[in-house]
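# Summary of the model geometry
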Amino acid sequence: MENKLIIYVDMDGTIADMRSAVIEYKEKYDSKKTDDISYLYPWSVPGFFSSLKPLPGAIEGVKKLAETEDVWFLSRPSFRNTTSYTEKAEWIREYFGYEMQKKLILAGNKALMMGNILIDDGDNANQEEFKGIWIRYDTDPFTDWNSVLNEVYKIKDQRRKEVSELYGDILGKNWKKSI
Ligand SMILES: [Mg+2]
């Protein structure tokens, strides 16, 4: 089996358009009522996560990665809004299907996961301590999904080259013929 990269993909702000939804909630709900949870903390409202739209190119991009790599979703739930746990699973099933729903991990500490790449816009769940490579979505130059895919394939090529050189050193020039 070919070596697949283990890739974790964040949801909010990486594949799901949280920013637009927050703006929408804030425009819709009353800012004068200081206790209006829909205005203050829209992500605490049941139905918020279900309502998120995919970001441009995200669904196609993740599906393309999943054809060749071992792709998982790694999302920090909204802890005060426990319906977010269910809604995130439903969201993944809606856009990626049941098999990919099985690959959803909800965690408040993303550094605990072992893998090669984390694609994530945020730093609210120990992303900077992740042991692999963190592609920080929505920061230059990773402002769209095309640039993310290019980076992943660059990392993959680099890794292939390193492995090839390593085996070359160990087994000599004709190592490919010898195995
Ligand atoms: Mg995020």
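Look above for the structure.
Rules used in this analysis
- Residues numbered from 1 in each chain as written.
- Predicted model: local features only at pLDDT ≥ 70, side-chain atom pairs only at ≥ 80, totals over all residues.
- Pairing = 2+ DSSP bridges.
- Helix = DSSP H or I, 4+ residues; strand = E, 2+ residues; numbered from the N terminus.
- Axes fitted to C-alpha atoms, helices over the stretch in contact; angles between N-to-C directions.
- Parallel < 35°, antiparallel > 145°, perpendicular 65-115°, else oblique.
- Left-handed = near helix turned anticlockwise from the far one by under 90°.
- Contact = placed C-beta atoms within 7 Å.
- Nonpolar A, V, L, I, M, F, W, Y, C, P; charged D, E, K, R; others polar.
- Core = buried A, V, L, I, M, F, W, Y, C linked by C-beta atoms within 7 Å.
- Buried ≥ 20, exposed ≤ 12 C-beta atoms within 10 Å, placed from the backbone.
- Arc of directions from axis to C-beta.

Right, let's talk about the sheet that holds strand β1 (residues 6–9) for a bit. Either a parallel or an antiparallel arrangement is found when strands of a sheet pair, and the pairing is made through backbone hydrogen bonds. Taken in spatial order, the five strands make up an open sheet running β3-β2-β1-β4-β5, and their pairing is parallel. A strand with exactly one partner marks an edge of an open sheet, and here the two such strands are β3 (104–106) and β5 (133–136). With direction set aside, neighbouring strand axes in the sheet form an average angle of 25°. Sheet topology note: the strand β2 (residues 70–75)/β3 ladder contains three bridges and is parallel. Along β3, the bridge assignment pairs L74 with I105.

Another aspect to go through is the packing of helix α3 (residues 58–68) against helix α6 (residues 145–171). Orientation of α3 relative to α6, taken along the N-to-C sense of each, is 15°, at an axis distance of 9 Å. Accordingly, the angle class assigned to the pair α3 and α6 is roughly parallel. Considering only the axes of α3 and α6, their crossing is right-handed. Note on element contacts: α6 touches α3 through W145, V148, L149 and V152, opposite A58, G61, K64 and L65. Split into classes, the residues belonging to the contact of α3 with α6 amount to six nonpolar, one polar and one charged.

We now examine the nonpolar core. I7, V9, I15, A16 and I119 are the most contacted members of the largest nonpolar core, which totals 28 residues. Among the elements of the structure, β1, α3, β2, α4 (83–96), β4 (117–120) and α6 are those that each provide at least two residues to this core. Non-local contacts of I7, meaning those with residues more than four positions away in its chain, are made with L65, E69, D70, V71, G115, N116, I117, I119 and V152.

The subject of this paragraph is the environment of Y137. As for its placement among the helices and strands, Y137 is situated in the loop between β5 and α6. Remark: the alpha-carbon pair of Y137 and V148, spanning 11 residues in sequence, is separated by 7.5 Å. Leave out the neighbours within four places in its chain, and Y137 touches T14, I119, D120, D121, F142 and V148.

Turning to the pairing of β2, a few remarks are in order. Of the pairings in the sheet, the one linking β1 to β2 comprises four bridges and is parallel in character. Note that in β2 the partner of Y8 across the bridge is W72.

Owing to its 3.6 residues per turn, the α-helix brings residues three or four apart onto one side. Taken as a whole, α3 has its buried residues at A58, G61, V62 and L65. Axial view of α3: buried residues confined to an arc of 95°, hence all on one face.

This paragraph deals with the environment of I23. Its place among the elements puts I23 in helix α1 (residues 18–28). Between the C-alpha atom of I23 and that of R76, which follows or precedes it by 53 residues, the distance is 20 Å.

As a further point, take the environment of I117. In this fold, I117 is placed in strand β4. Separated by 13 residues in the primary sequence, I117 and F130 place their C-alpha atoms 8.7 Å from one another.

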